[in-house]
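Structural characterization, general
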Amino acid sequence: SAVISQKPSRDICQRGTSLTIQCQVDSQVTMMFWYRQQPGQSLTLIATANQGSEATYESGFVIDKFPISRPNLTFSTLTVSNLSPEDSSIYLCSVEQDRGVGEQYFGPGTRLTVT
Amino acid sequence: DAKTTQPNSMESNEEEPVHLPCNHSTISGTDYIHWYRQLPSQGPEYVIHGLTSNVNNRMASLAIAEDRKSSTLILHRATLRDAAVYYCILRMRYSGGGADGLTFGKGTHLIIQP
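Anyway, here's the lowdown on the structure attached to this text. All chains use their own residue numbering, which begins from 1 and follows the written sequence. For this description, chains carry letters from A and ligands carry numbers from 1, given in the order in which they are written. Selection of residues for local features in this predicted model requires a pLDDT of at least 70, selection of side-chain atom pairs for listing and counting requires 80 or more, and totals for whole chains, interfaces and linings are taken over all residues. Computation of side-chain values: all heavy atoms of the structure, hydrogens and water removed.

**Comments concerning the interface of chain B and chain A**
Between two residues, a contact is recorded if the distance between any of their heavy atoms is within 4.5 Å. Listed per partner, the contact involves 20 residues of chain B and 19 residues of chain A. Note on definitions: buried area is the accessible-area loss of two parts on being combined, 1.4 Å probe, summed for both. Both faces considered, chain B and chain A share a buried interface measuring about 1,600 Å² in area, 52% of it formed by carbon and sulfur atoms. We define a salt bridge as a side-chain nitrogen of Lys or Arg found within 4 Å of a carboxyl oxygen belonging to Asp or Glu. At the junction of chain B with chain A, the criterion picks out one salt bridge. Residues Glu96(A) and Arg91(B) are paired through a salt bridge, measuring 2.8 Å at the closest nitrogen-oxygen approach. Of the residues forming the side of chain B that touches chain A, the biggest block, four residues, is contributed by strand E3 (residues 31-38) of chain B. Each residue is assigned to one of three groups, with Ala, Val, Leu, Ile, Met, Phe, Trp, Tyr, Cys and Pro labelled nonpolar, Asp, Glu, Lys and Arg labelled charged, and all others, Gly among them, labelled polar. Within the side of chain B that touches chain A, the residues separate by chemical class into eight nonpolar, eight polar and four charged. Helix and strand definitions follow DSSP, with helices as H or I runs of at least four residues and strands as E runs of at least two, each counted in order from the N terminus.

Written out as structure tokens, the structure is:
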């Protein structure tokens, strides 16, 4: 298993600013993912972040809006840029060790409110 | 991606078994069936996964139909702490070892009555 922490746990930001979310894992993992969960909705995959390569974004998500860093095998950041109220969501990171046949472990999420 | 269909909500009584169904009629031969659950105000939690055979672990059992077009997650003795949204997710296995993220549907909101 893997233990994942996220910082901050919640934040309130003004529109037009940016928020950087940190995801820290207690062990080295190859695969890391970022998800968004809008109020009352299910989770939507934003991007896959593997160490040593550029993040791969899902349809509807672009690097300019959601830049991701993955400097090593235990850490990643997601920045949500140029915030608007529509960005108010919970952002979650997850990790996987078994390359598609095992389980993903999720962080507790970061609750972002944009005013 | 192959799609799953689950009931929006189900209700059960505490200490009774719960059977959560999932239909996936367009499943391919390389798709694994995964189940996750999300407790209130928490990130999703892995429950179980399988390919063809029924699977058991300490949390639940997974019964997979012979034609693989449906599956059932079984909680043998529900407690109030099992109240959550349960997601049935198909996941393709890549022969090269890569993987995509998870595609979450709406899931089943399980309500446990004391």
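**Section: the pairing of strand E8 (residues 75-80) of chain A**
Residue and element names in this part refer to chain A. Of all six residues that make up E8, six are buried, and the element is covered over most of its length. Residues Phe-75, Thr-77 and Thr-79 line one face of E8 and the alternating positions Ser-76, Leu-78 and Val-80 line the opposite face, and both faces are buried. Strands qualify as paired when DSSP identifies two bridges or more between them. Looking at chain direction, strand E3 (residues 19-25) and E8 are connected through six bridges and run antiparallel. Counterpart to Gln-22 in the pairing with E8 is Thr-77. Where strand E7 (residues 68-72) and E8 come together, three bridges link them in antiparallel fashion. In the strand pairing of E8, Asn-72 is matched with Phe-75. Connecting the antiparallel pair E7 and E8 is a turn made up of two residues. Relative accessible area decides the class of each residue, using a 1.4 Å probe on protein chains only: under 20% of the type maximum gives buried, over 50% gives exposed, and in between gives partly exposed.

**Focus: the side chain of Thr48(A)**
Tracing the chain through its elements places Thr48(A) in strand E5 (residues 43-50). Not counting residues up to four positions away in its chain, the partners in contact with Thr48(A) are Met32(A), Phe33(A), Ala55(A), Thr56(A) and Gly101(B).

**Examining the state of the cysteines**
Disulfides are defined as pairs of cysteine sulfur atoms found within 2.5 Å of each other. Here the structure, examined in full by the defined rule, presents two disulfides over all chains. Between Cys23(A) and Cys93(A) runs a disulfide, and the two sulfur atoms are separated by 2.0 Å. Taking the sign of the S-S torsion, about 75 degrees here, the bridge from Cys23(A) to Cys93(A) comes out right-handed. Here Cys93(A) lies in strand E9 (residues 89-96) and Cys23(A) lies in strand E3, a separation of 70 residues in the sequence. Given a relative accessible area of 0%, Cys23(A) falls into the buried group. Disulfide pairing places Cys22(B) opposite Cys88(B) at an S-S distance of 2.1 Å. Between Cys22(B) and Cys88(B) the disulfide shows an S-S torsion of about -85 degrees. By sign, it is left-handed. One end of the pair, Cys22(B), is in strand E2 (residues 18-23); the other, Cys88(B), is in strand E8 (residues 84-92), and 66 residues separate them in sequence. Assessed through its relative accessible area of 1%, Cys22(B) is described here as buried.

**Quick notes on the nonpolar core**
Here is a general trend for soluble globular proteins: nonpolar side chains tend to be buried in one another's company. Joining through side-chain atoms within 4.5 Å is the link that ties buried Ala, Val, Leu, Ile, Met, Phe, Trp, Tyr and Cys residues into a set, and such a set is a nonpolar core. Core analysis: the biggest nonpolar cluster contains 27 residues, and Trp34(A), Ile46(A), Phe66(A), Ile68(A), Leu78(A), Tyr91(A) and Val95(A) have the highest contact counts within it. Contributions of two or more residues to this core are made by E3, strand E4 (31-37), E5, E8, E9 and strand E11 (110-114) of chain A. Among the elements that line this core, the one with the most residues is E3(A), at four residues. Other than its neighbours up to four places away in sequence, Ile68(A) contacts Trp34(A), Ala47(A), Ala49(A), Ala55(A), Tyr57(A), Ser76(A), Thr77(A) and Leu78(A). In this structure, Cys22(B), Trp35(B), Ala60(B) and Leu75(B) belong to the second largest nonpolar core, which totals 21 residues.

**Considering the packing of aromatic side chains**
Any Phe, Tyr or Trp ring, taking Trp's six-membered ring, that has another such ring centre within 6.5 Å forms a pair; planes under 30 degrees apart are called stacked, those over 60 apart edge-to-face, and the others tilted. Enumeration according to the criterion identifies eight aromatic pairs over all chains in this entry. A ring pair is formed by Tyr35(A) and Phe106(A), whose centres lie 5.3 Å apart and whose planes are at 45 degrees; its orientation type is tilted. Note that Tyr35(A) is positioned in strand E4 and Phe106(A) in strand E10 (residues 104-106), a separation of 71 residues in sequence. An identical accessibility class is assigned to Tyr35(A) and Phe106(A); each is buried. With 6.4 Å between their ring centres and 65 degrees between their planes, Tyr36(B) and Phe104(B) make a pair best called edge-to-face. Of this pair, Tyr36(B) sits in strand E3 while Phe104(B) sits in the loop between E8 and strand E9 (108-113); the two residues are 68 residues apart in sequence, bridging distant segments of the chain. With respect to burial, Tyr36(B) and Phe104(B) carry one shared label: buried. Every member of this aromatic cluster is reached through a ring pair, and the members are Tyr35(A), Phe106(A), Tyr36(B), Tyr46(B), Tyr87(B) and Phe104(B).

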